[in-house]
Amino acid sequence: MSNLLKINASLFSGNGQSSQLTERFVAAWQASHPDTQVIERDLAANPVPHLDGARFMAFLAKPEERSAEQQAVVDFSDALIAELRAADAIVIGLPMYNFGIPSQLKAYFDHIARAGVTFRYTANGPEGLITGKKAYILAARGGIYAGTPKDSQTTYVRDFLGFIGITDVEFIYAEGLNMGDESKNAALAKAHQSLATLTA
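Please read all numbers here as calculations on a predicted model, not as lab measurements. (Residues numbered from 1 in each chain as written. Predicted model: local features only at pLDDT ≥ 70, side-chain atom pairs only at ≥ 80, totals over all residues. Heavy atoms only, no water.)

### Side note on the packing of helix H2 (residues 53-60) against helix H3 (residues 68-86)
So, step 1. H3 packs onto H2 with a crossing angle of 80 degrees between their chain directions and a minimal axis gap of 9 Å. It follows from the interaxial angle that H2 and H3 lie roughly perpendicular. Contacts between H2 and H3 involve Arg 55, Met 57, Ala 58 and Phe 59 from the first element and Gln 70, Val 73, Val 74, Phe 76 and Ser 77 from the second.
So, step 2. Partitioned by chemical class, the residues of the contact of H2 with H3 number 6 nonpolar, 2 polar and 1 charged. (Axes fitted to C-alpha atoms, helices over the stretch in contact; angles between N-to-C directions. Helix = DSSP H or I, 4+ residues; strand = E, 2+ residues; numbered from the N terminus. Parallel < 35°, antiparallel > 145°, perpendicular 65-115°, else oblique. Contact = heavy atoms within 4.5 Å. Nonpolar A, V, L, I, M, F, W, Y, C, P; charged D, E, K, R; others polar.)

As structure tokens, this is what we get:
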């Protein structure tokens, strides 16, 4: 049995275009891999708290010196990381908001980037500790940004995942979704075709 972690970052939960793409991806994946167990994390329905000073200090505190509140923060982060470790593949529904990733996805990233847990620094630089996984990023955008200087998402998400050890990352774009029905329908059809190829 394989494990697939599905992360939706849309503000609209399952109603967002990126979430609908992840749903389609999972259905196709399960059709080709019927023994797959899907773990779902909806960052709108169950948001991860944004990182603040107190939460960051909880990560830094020595285990034997943590307060009960700090231990609860670490336990929450550990649970997110355990989901990630258990997954053989990860699919992320990624909308673009104001040229960047959703803040709720950034909060999730901030809770899974833990020194000594998901990455470590060595004499040769940082080393990711979450390895042997494939990530699929389903990027839904109102305009057209891929390959332009305004696409801040692709480099950031690829670099972040690579930093924690996930270097096999594939992006599927559905762009121009707010540029009229013709553009939207063509973009979704192209994305659906790409998903069918990836999950076959």
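### Quick notes on the side chain of Lys 133
So, step 1. Tracing the sequence through the fold places Lys 133 in the loop between strand S5 (125-128) and strand S6 (134-140).
So, step 2. Asp 88 provides the closest opposite charge to the buried, salt-bridge-free Lys 133, at an N-O distance of 5.7 Å.
So, step 3. A distance of 2.6 Å separates a polar side-chain atom of Lys 133 from the backbone oxygen of Ala 87.
So, step 4. The contacts of Lys 133, once residues within four sequence positions are left out, are Leu 84, Arg 85, Ala 87, Asp 88, Ile 90, Ile 166 and Asp 168. (Buried < 20%, exposed > 50% of the residue type's maximum accessible area, 1.4 Å probe, protein only. Lys, Arg positive; Asp, Glu negative; His and termini not counted. Salt bridge = Lys/Arg side-chain N within 4 Å of Asp/Glu carboxyl O. Polar contact = N/O pair within 3.5 Å; in protein donor to acceptor, adjacent residues only side chain to side chain.)

### A closer look at the sheet that holds S6
So, step 1. Pairing within the open sheet is parallel, and its 5 strands lie in the order S2-S1-S3-S6-S7. Since the sheet does not close on itself, it has two edges, and those belong to strand S2 (37-42) and strand S7 (168-174), each with one partner. Between one strand and the next, the sheet's axes are offset by a mean angle of 15 degrees, whatever the strand orientation.
So, step 2. The pairing of strand S1 (residues 3-8) with strand S3 (residues 89-95) spans 5 bridges and is parallel. Bridge pairing in S3 links Ile 7 to Ile 92.
So, step 3. Strands in contact with helix H4 (residues 103-112) are S1, S2 and S3; relative to S1, the strand with the most contacts, it is inclined by about 135 degrees.
So, step 4. Against the sheet, helix H5 (residues 152-163) touches S3, S6 and S7, its axis set at about 155 degrees to S7. (Pairing = 2+ DSSP bridges.)

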